[in-house]
Structures are given as structure tokens and as C-alpha cells.
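Observations on chain architecture
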There are 2 protein chains.
Amino acid sequence: MALVERSLLGPGPTNAYPEATAGLAAPMLGHLDPEFLAMLDETGRRLRTVWGTGNLRTLPLSGTGSIGMEAAFVNFVHPGDVVVVAVNGLFGERMCDVASRYGAEVVRVDHTWGQPVDVERVLAAHPSPSIVAAVHAETSTGVRSDIEHLGAALRERDERTLLLADCVTSIGGEQIDLDGWNVDIAYAGTQKCLGVPPGLAPFTVSERAWHRRVEKPTTWYLDLGLIGNYVTGGGSGGRAYHHTAPTAMVASLHAALGRLLEEGIAAAAERHREAGEALQTGLQEMGLDLFAAEGNRLHQLTSVVVPDHVDSADVRKRLLNDYGIEIGGGVGQYANTVWRIGLMGPNAGLDRVELLLGSLRRILGR
Amino acid sequence: MALVERSLLGPGPTNAYPEATAGLAAPMLGHLDPEFLAMLDETGRRLRTVWGTGNLRTLPLSGTGSIGMEAAFVNFVHPGDVVVVAVNGLFGERMCDVASRYGAEVVRVDHTWGQPVDVERVLAAHPSPSIVAAVHAETSTGVRSDIEHLGAALRERDERTLLLADCVTSIGGEQIDLDGWNVDIAYAGTQKCLGVPPGLAPFTVSERAWHRRVEKPTTWYLDLGLIGNYVTGGGSGGRAYHHTAPTAMVASLHAALGRLLEEGIAAAAERHREAGEALQTGLQEMGLDLFAAEGNRLHQLTSVVVPDHVDSADVRKRLLNDYGIEIGGGVGQYANTVWRIGLMGPNAGLDRVELLLGSLRRILGR
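You'll find chain A entered in an unreviewed UniProt entry as Aminotransferase class V-fold PLP-dependent enzyme, with Allosaccharopolyspora coralli given as the organism. The UniProt entry for chain A carries this comment under Cofactor (unreviewed entry): "pyridoxal 5'-phosphate".

1. Focus: the overall build of chain A
Scanning chain A for helices and strands turns up 12 helices and 14 strands. Taken over the C-alpha trace, chain A has a radius of gyration of 20 Å; the compact-globule value for 366 residues is 21 Å, and the two agree within 12%. For the C-alpha atoms alone, the extent of chain A along its principal axes is close to 65 × 55 × 35 Å. Counting across all 366 residues of chain A, residues that qualify as buried make up 65%. Intrachain contacts of chain A at a sequence separation of at least 6 include 71% that bridge at least 24 residues. Accessible surface, chain A: about 12500 Å² in total, of which carbon and sulfur atoms supply 48%. One way to put it: in chain A the 31 positive side-chain charges average out to a point 3 Å from where the 43 negative ones average out.

2. Details of the pattern of salt bridges
Considering all chains together, one arrives at 35 salt bridges over all chains under this definition. Glu263(A) is the partner of Arg271(A) in a salt bridge, and the nearest nitrogen-oxygen pair spans 2.7 Å. For Arg271(A), a relative accessible area of 19% translates into the label buried. Note that Glu42(B) is salt-bridged to Arg45(B), the shortest N-O span being 4.0 Å. Of this pair, Glu42(B) and Arg45(B) are both found in helix α2 (residues 34-51), 3 residues apart, which corresponds to roughly one turn of the helix. In the salt-bridge network here, residues are joined through shared partners; they are Asp97(A), Arg101(A), Lys216(B) and Asp223(B).

3. Some words on the side chain of Glu138(A)
All names here are of chain A. By secondary structure assignment, the location of Glu138 is in strand β6 (residues 137-138). Despite its burial, Glu138 pairs with no opposite charge; the closest candidate is Arg340, at 6.8 Å N-O. From its side chain, Glu138 meets the backbone nitrogen of Phe91 in a polar contact 2.9 Å long. There is a polar contact of 2.6 Å between the side chain of Glu138 and the side chain of Ser140.

4. A word on helix α9 (residues 247-263) of chain A
Residue and element names in this part refer to chain A. In this model α9 runs 25 Å from its N-terminal to its C-terminal C-alpha over 17 residues, within 8% of the 24 Å that 1.5 Å per residue would give. Those residues of α9 that fall on the buried side of the exposure criterion are Thr247, Ala248, Met249, Val250, Ala251, Ser252, Leu253, His254, Ala256, Leu257, Gly258 and Leu260. At the exit of α9 stands Gly264, carrying a positive phi of roughly 105°.

5. Some remarks on unusual backbone geometry
Residues and elements named next belong to chain A. Residue Pro13 follows Gly12 across a cis peptide bond; omega there is 5°. Looking at where Pro13 falls in the secondary structure, it is placed in the loop between β1 (7-8) and α1 (18-25). The backbone of His309 sits at a positive phi, close to 65°, despite the residue not being glycine. By the secondary structure assignment, His309 is in the loop between β11 (301-305) and α11 (312-323). The exposure class of His309 is exposed, given its relative accessible area of 85%.

6. Comments concerning the interface of chain A and chain B
The interface of chain A with chain B comprises 59 residues on the first partner and 59 residues on the second. Between chain A and chain B lies a buried interface of about 4700 Å² when both sides are counted; carbon and sulfur atoms form 63% of it. Note that Asp97(A) and Lys216(B) form a salt bridge whose closest N and O atoms lie 3.5 Å from each other. The tally of links from chain A across to chain B stands at 23 residue pairs in polar contact (both at pLDDT 80 or more). Of all the secondary structure elements, the ones that give two or more residues to the side of chain A that touches chain B are α1, α2 (34-51), α3 (65-74), α4 (90-101) and α9 of chain A. Across the side of chain A that touches chain B, the residue classes tally to 30 nonpolar, 18 polar and 11 charged.

7. A word on the relation of the copies chain A and chain B
Between the two copies of the chain lies a rotation about an axis combined with a shift along it. When chain A is fitted onto chain B, the two copies agree to an RMSD of 0.0 Å after a turn of 180° and an axial shift of 0.0 Å. Taken together, the turn and the small shift mark the pair as related by a two-fold rotation axis. It is Gly63(A) whose C-alpha, among those of chain A, lies nearest the rotation axis, at 2.4 Å. Most of the interface of chain A is mirrored in chain B, where 100% of its interface residues again form contacts.

8. Looking at the UniProt feature "binding site: substrate" (unreviewed entry) in chain A
Residue and element names in this part refer to chain A. Here the UniProt feature "binding site: substrate" (unreviewed entry) sits at Arg340. Topologically, Arg340 is positioned in strand β14 (residues 338-342). Of the polar contacts made by the side chain of Arg340, one reaches the backbone oxygen of Thr139; its length is 2.7 Å.

9. A few points about a negative patch on the surface
Residues and elements named next belong to chain A. A grouping of Asp146, Glu148, Asp177 and Asp179 is seen on the molecular surface, where their side chains present a negatively charged patch. On the secondary structure map, Asp146 appears in the loop between β7 (143-144) and α6 (147-157). You can call Asp146 partly exposed: its relative accessible area is 42%.

Rules and cut-offs
- Residue positions are given per chain, counted from 1 along the sequence in the order it is written.
- Lettering of chains starts at A and numbering of ligands starts at 1, both following the order in which they are written.
- With the structure being a predicted model, the display of local features is reserved for residues of pLDDT at least 70 and the display and counting of side-chain atom pairs for 80 or more, all residues being used for whole-chain, interface and lining totals.
- Side-chain numbers come from the whole structure's heavy atoms, not from hydrogens or water.
- UniProt positions are given in the numbering used here, feature names are shortened, and annotations may be inferred rather than shown by experiment.
- By definition, any uninterrupted DSSP run of H or I lasting at least four residues is a helix, any uninterrupted run of E lasting at least two residues is a strand, and each is numbered from the N terminus.
- This radius of gyration counts C-alpha atoms alone. The globule rule is 2.2 Å times how many residues there are, raised to the power 0.38.
- Only protein chains enter the accessibility calculation, which uses a 1.4 Å probe; a residue is then buried when its area is under 20% of its type maximum, exposed when over 50%, and partly exposed in between.
- Contacts are residue-level and defined by heavy atoms, with any inter-residue pair within 4.5 Å sufficient.
- Each accessible area is a Shrake-Rupley result for a 1.4 Å probe, and residues are judged covered by the shown protein chains and nothing else.
- Under the convention used here, Asp and Glu are negative, Lys and Arg are positive, and both His and the chain ends fall outside the count.
- A single reference atom marks each charge: NZ on Lys, CZ on Arg, CG on Asp, CD on Glu.
- The salt bridge criterion pairs a side-chain nitrogen of Lys or Arg with a carboxyl oxygen of Asp or Glu, the two atoms within 4 Å.
- In protein, a polar contact requires one atom able to donate a hydrogen and another able to accept it; more generally it is a pair of N or O atoms within 3.5 Å, and residues adjacent in sequence count only if both atoms are side-chain atoms.
- Given the number of residues in a helix, its expected span is that number minus one, multiplied by 1.5 Å.
- Put simply, buried area is the surface a 1.4 Å probe can reach on two separate parts but cannot reach once they are joined, added for both.
- Classes in brief: Ala, Val, Leu, Ile, Met, Phe, Trp, Tyr, Cys and Pro nonpolar; Asp, Glu, Lys and Arg charged; the others, Gly included, polar.
- The least-squares superposition of copies is restricted to C-alpha atoms, and to residues with a pLDDT of at least 70 in both copies.
- Patches in this entry comprise residues that are over 30% relatively accessible and not in a salt bridge; like charges within 9 Å are linked, as are nonpolar side chains (Val, Leu, Ile, Met, Phe, Trp, Tyr) within 5 Å.

Structure, rendered in C-alpha cells:
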């Protein structure tokens, strides 16, 4: 069966950096091999740099991005805890489901999809919640929220509330300063702006959150107390086997992070910005409307309103079959009225912009 | 930094088949691409063949082997359910921990490590449990248990009890007939005899178990009701996005399963048997004692008693540094008194046997 090449310009996964692919195919190491453990430690250090945090507990969890969300709630929600969730898209919606499974008293703060999180409304939702959770870059709508503002406001109010941020679509595509923003718990995915195949969830937790974790969570696989003994050596230098780490995926992430740091985080963010702005300008020149609120549009993921009388699925099918380009549809009630176009990782380049604009213009006859 | 090549002759991960490595490095596909979905469906069919089951719900879960164990309990243990666990090594031990996190009333049936599961004692432990769980091939001790006998005895007694089997170290290395053995729930890992890097947990569940699953388990990521709508299309032909599947890992597993079926399951089992017997004979000729009970020794994973006055860790270090060979230590109280030597997947060959025997003989001076 012939292999198929795609330009993955949807909401993720994106195409992988060549370094990430080479990492996957490198000779296999055991998960307790000193060479592998050194690579795992360096991966943690690189993630700290990319995320702007000094958190000791910064590691890739062994699952796709969603496992990061699960780990964030199962380890930190005690039954009856009040968790305020800012819902401005699918992933905020999902946080409510996940948190409730662990016994949280969820307080939802609903927003119109496409709008950023309203910090004042989140603050007003509850005077003293255990956790406030929000999505930095909403993959379902293409909107960025101001986590820095949210963190500062929460910290000013009290020292109690933990801030939990979903960074799945922001990591590697823009500058993040978790410590400066007062974020306590964050997770991400590898398959977006990091340019690595899906399969790992970078995760980080602050000291103050760590001391409030659930002692024996209702999960063995994601019990951070157990995982921590493998990844950080439990602070004692010894390492306890937990589960077999996905070694090839870790090698891939390690290599891609090395490339990102070589390029520079600021330079990579600028590259994503330049490509995203060129795309958004081009789409508007074509007469298309953008979906996400102006001023809060992601550069790495652009949401576009499907024009009237255009069959959304048909266009996506033609892009895939005739041009080898994958873009995404919308989510939920916007399934057929929004397209999502990602320029992430290796695809954040002006060549991809022209490839997409040209192909779309041809199909739409504009 | 130079790449390092290892002969991974421990309890797993093993080296990958070349097809598995090529699968990892193949051009990336999106997780909703028709080409990818066809590959995922075929992976399910291939797993059914390897496992000897017609179960519709047969799929790779997005995590390493242990996530299979977690999924097996979180989806099928209702609070208060009696779960009988046959404990004859680390993984039976872990089953008790995992099952108890979901509210099971766990009834342990402890065995001396290195011994197979005693079916009569398991039956006598409780007259009518919801689930009986056992490990087919105990990775911690190198012993095989008779799941067929256990399944027949349980089914003869009543129709109520579900049989749950851990097949992490058996899949691909020996013949398995889940349907013939009356197994309802089984999971595996990719990094043993399938010769794929760690990162996926093949999973299967029978119809009768499916109808008794927990409606809303305390996990979102491993909620089989939700995952099933993506993998099987919910039976209606439509597919609902759940989480982003680890596409590169699925491509790798798909390719390795293709190779296994081309070789033939029986032929692959015979190759593992031949290599394992040659190794065990050679070790005994060297004057070493085997740990697992005679008659129940795995071929794919051999446990050896470390001779008196030999420093177990030092020998493993010399094997690694001087010969590039990884073998495993023992587990728990046997950490320093047992070695575990795996001949799995591509390493199940007579060349690996001689490589290991020669190197070990040199180090031990025998």
C-alpha cells in the first residue's frame, strides 16, 4: 500500500519536524537505561525553558494531550472542591466533565464561543474556589485568553486558589511564562506547535499545588506521586519503576525541543505570528470572515466562517483529495459553519500560507 | 550526541522490528484522515487475529501497557464488586491496587512468586465474584499460567463471572485463543513480543462484558463508551472525535502486526520457543539455576537465579557498558537475586541467544 503525504493544516496533529521523525526512528533504548534517563531529564529541563517555569515536576505524561487534562484534575480535585471553569469552547466544556468525575463542585462560567475568557466574570463566579481552570489557546475556536491577567487577579485576591491552564495549542507557538503568570498546573500536547506526533502530554505542577495533591487518586496510571518517583527520583536520587515510558516518543519530543530552543522561543513565536497574520490577511482579502474575536485571534490556528451556500465538508474533501491538504471543520454547533486552519510547528511558514490560500481560492472560485 | 545501539534483552521494551520503525517514520496522517481510519480499523482486525477473538471492541488504547490494566478495571468495576485477583508477581499485585482504587472488594489469592496460578485456589476464594483477574505471562517472574483452564472452570461454574487477563508479555510470543479460553477482558503492550516501541495498549472486551460496563467511569480519557464511538463508529457508521490518537504509534503497530501475520502466529510462537529453550539450556549448562517453576517457564522471558557471591547490578552494568546488552534485574524482594532475560519479537533468535550466553559466560568467568 503506497504511503500518503499530507499537508496537515488542521487543528492538529501537524506535520512533524524532521528532528522529531529522526528521534522516533533512532535506535531504541530501555526506559531504565542511563542514556534514556539523561534524555528524559533533559526533556524536562527543555520543557521548563519553553514554559517559563522552574517547577521541579515538569515531565511528559505517557498519553496524548487529553491525558494531561485528566491528570490535572484527578490529582488535584478532592471530592467537594469548588472548581471554577471558564468555558469558551470544547476544551473548557470537557474540563467540566472531567472535573465532575472526580467529585468537584463545578462552577461553569459560560462564554460565547469565539470570545476570550472574561476575567472579571470568572472572578465573580465564586469568592474562594480551590481551582480556577481556563484554556490558554482554545483549539475549538482559535481564540487566545489572557492567562497572565487571570493569574494576577487571582493571586491578588488570595493565596488559596490554584490556577490550572490548558496549553495544548499554545506551547511552542507563542511565548509562555507560567511562573510569571502564576499558573500552578499546566498541560500540553506534542502534536501542535511542538511539531511532534501525538502521544505525549507535557505536564508541570508548582510546589504549592504539589503539596495539595490527592494522596491516593482514583487512578494508578496517572498517580503523580508514583510517577514522580520515576521521573524526579523522588528527590532522593533513586528512581522507582512506575510504567514503561514511551521511549521513542520521548526521543522525538527531546529532539524537537532541542530544535525549538536552537531556533529560539521568541523567534519561533514570531514565525508563527508572521505566518498566521499572512494567512488571516489573505483569507480576508478573499472575502472570508474570521470567526474568533479580533484582538484575540491565535496565529497558530485560524478559524474561518464558511461562506453561505458553500458545502463545508465538500471543500475539505476536495482540499484533501486534490491538494493533499487537511484542514479542520468546526466543533459542536459550528461543525459545518467554521473551518479551522492550523499553521503549527514546521507548517508555520509563508510557503504553507500560499499553498493553502491558492488551493482554497481555486476551489471556491474566488 | 552520538546515538547508542543496544541489544534490549530485558523484560521489555525490546528492539523494534524494522517494519515498526518504518511505520513510525512514515509520513504523518491526521487522526480523522480516511487513510488513517482504514489503518486503525485494520489494526483492530489484526489484533483480533493475533488474540483469537471476534470481539468488535478490539483496539489500541493511547498509553503504555499499564493503561490497559487501568482501563480494564475502571470500566468494569462497580463500587462494591468482588474482584478475585490471582497474585503471583508484581502485575497481579498491581491489579489489587488498581481495582481497589475503583471501589472493588478485592479478594487476593497469593502465590509464591515464580509459581503459576493455582486454578483450584482461585475458584475457592469466592463463590461468585464479578471478576476474576490473572496474568497470563508474569513479566516479573517469567512464569506462564493456564488461562484456558481457569476460563473453562469459571464458565462451568456460572455465567456471571467475567475473566480478565493480562497479556502484556504473551501477545505475539505465543498462541492465544481468548474466545476459546472464555476471556472477557484482555489488554497487552506493544513493547514486548510485538516488537513495537512502548506507547500503545492493545485492548479487547467481549459483548457480555461490554453490557456490564460502568456507564460513567471515573475517567474521561479511558471511558470506553466514548472511545468506542471513535474506534468502532458507535456501530452506526459515524465516528465521534474523542482524543487525538497517537498516529505514529498506530502506524508502527499496524506494520508490526502485518509482519507477524505474514510470518504466521504459530511460526512466531515456535521461534520464541526455540530461542527461549536454547537460552534456558545454555544457562543451565553454565551452572545457573532458573527461577520460574519448571513446566511453566516462559520462552520469551527467562528468569535466572543470580549465583551466590555475584553482584547482580555489577554484571548488568558490565553487560550494558561492555557489550551493549540490557537485561533486567528482579522485582521486589528478588531485585538483586534474579535476572530477567527477554528474547522477544525481533530478538527471539538463536543469534541473540549466543550473544547473551557468550557475554555472560565471559563476565562470570564460567
